[in-house]
Amino acid sequence: MKKRIIAGLCALACMVSLVACGSGSAGASDSDVAYIKDKGTLVVGITDFAPMDYKNDSGEWIGFDADMATKIASSMGVKVEFVEIDWDNKILELENKSIDVVWNGMTLTDEVKNAMECTKPYLNNAQVVVVSADKAASVTDTASASALKYAVEAGEDNGFNYTSVSSQSDAVMEVAAGTSDACIIDLLMAGAMVGEGTSYPDLVTTSVQLTSEEYGVGCRKGSDLAAYINDQFKSLYADGTINSIAEIYGVQYAILAQ
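Analysis parameters
Residues numbered from 1 in each chain as written. Predicted model: local features only at pLDDT ≥ 70, side-chain atom pairs only at ≥ 80, totals over all residues. Heavy atoms only, no water. Disulfide = S-S within 2.5 Å. pLDDT = per-residue confidence, 0-100. Contact = heavy atoms within 4.5 Å. Helix = DSSP H or I, 4+ residues; strand = E, 2+ residues; numbered from the N terminus. Axes fitted to C-alpha atoms, helices over the stretch in contact; angles between N-to-C directions. Parallel < 35°, antiparallel > 145°, perpendicular 65-115°, else oblique. Pairing = 2+ DSSP bridges.

### As for the state of the cysteines
Move 1: On inspection of all chains with the given rule, the structure shows zero disulfides.
Move 2: There is no disulfide at cysteine 118, and the cysteine sulfur nearest it, in cysteine 219, is 7.6 Å away.

Set out below in structure tokens:
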């Protein structure tokens, strides 16, 4: 009996030892930064959303977010891989490790911040009023803007006199054609679409902003990757890299200081 008790205690001790060792291994693998470096790829979840993430004529993903993600991957010594995701499933994609980050002009809503480990905001976005250059001087506030006839993307309603169109791009075309006085689109999209050097040089973005929101990068809850990206943002902001990339895509005025 005594021998059996001693043997049982030895077996139990071995089991405890194995569990402890196993727990130690799990703890060591909790670092997302280490996980990404080990597999050699930073997998970025995106949608097609210019000027943040979109494909060039060669089929390569470019854009402000795409270029920044490539910089961060390079700093980690890994390759970057872009994966188009169903935006409604972005949290599940992170949790399943189908992707490592959500990096696609993502608004830092309470829902997002509760479900993900998010970086500090890096860009400011807003809904802005775009008009032809000859009308810009007369549109300075919400009151003057309310007198115009608008084209807006379906589903958007700001209480103005408007016609619904299928996309923000179509809304811009309505203003260019003169069938609407103005349109309401994203500030970042306006920077890439209207004004000097764009396809609509005779259209301008007014100072009227109807809403405001901040963009951030989403990582798995509790991930150390968010802090790593924050540190990189700070360095890339300080050396002017962020501004240089932003100027390529016309979003330099939306950068938030790091």
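### Structural notes on the confidence of the model for the protein chain
Any region with low pLDDT has predicted coordinates that should not be read closely.
Move 1: In this model, the protein chain carries an average pLDDT of 88, and 88% of its residues clear a pLDDT of 70 or more.
Move 2: Below a pLDDT of 50 lies the segment residues 1–10, which in the model reaches zero contacts outside its immediate sequence neighbourhood of four places, other chains included.
Move 3: Across residues 12–28, confidence stays below pLDDT 50; counting only partners more than four residues off in sequence or on other chains, it has zero contacts.

### Some thoughts on the environment of alanine 254
Move 1: Along the chain, the position of alanine 254 falls in the segment after helix H10 (241–248).
Move 2: Sequence-wise, alanine 254 and glutamate 214 are 40 residues apart; in three dimensions their C-alpha atoms are separated by 9.5 Å.
Move 3: Not counting residues up to four positions away in its chain, the partners in contact with alanine 254 are Tyr122, Leu123, Asn124 and Leu188.

### Some thoughts on the packing of helix H3 (residues 64–76) against helix H9 (residues 225–238)
Move 1: Their axes nearest at 11 Å, the elements H3 and H9 cross at an angle of 105°. As summarised for this structure, H3 and H9 are arranged roughly perpendicular, according to the angle between their axes. Across the interface between the two elements, Met68, Lys71, Ile72, Ser75 and Met76 from H3 touch Leu225, Tyr228, Ile229, Gln232, Phe233 and Leu236 from H9.

### Things to note about the pairing of strand E8 (residues 149–153)
Move 1: As judged from the five bridges shared by E8 and strand E9 (residues 161–165), these two strands associate in the parallel manner. Across the sheet, the residue bridging to lysine 149 is asparagine 161, located in E9.
Move 2: Relative to strand E10 (residues 182–186), E8 is paired through three bridges, and the arrangement is parallel. Within E10, the residue paired with alanine 151 across the bridge is cysteine 183.

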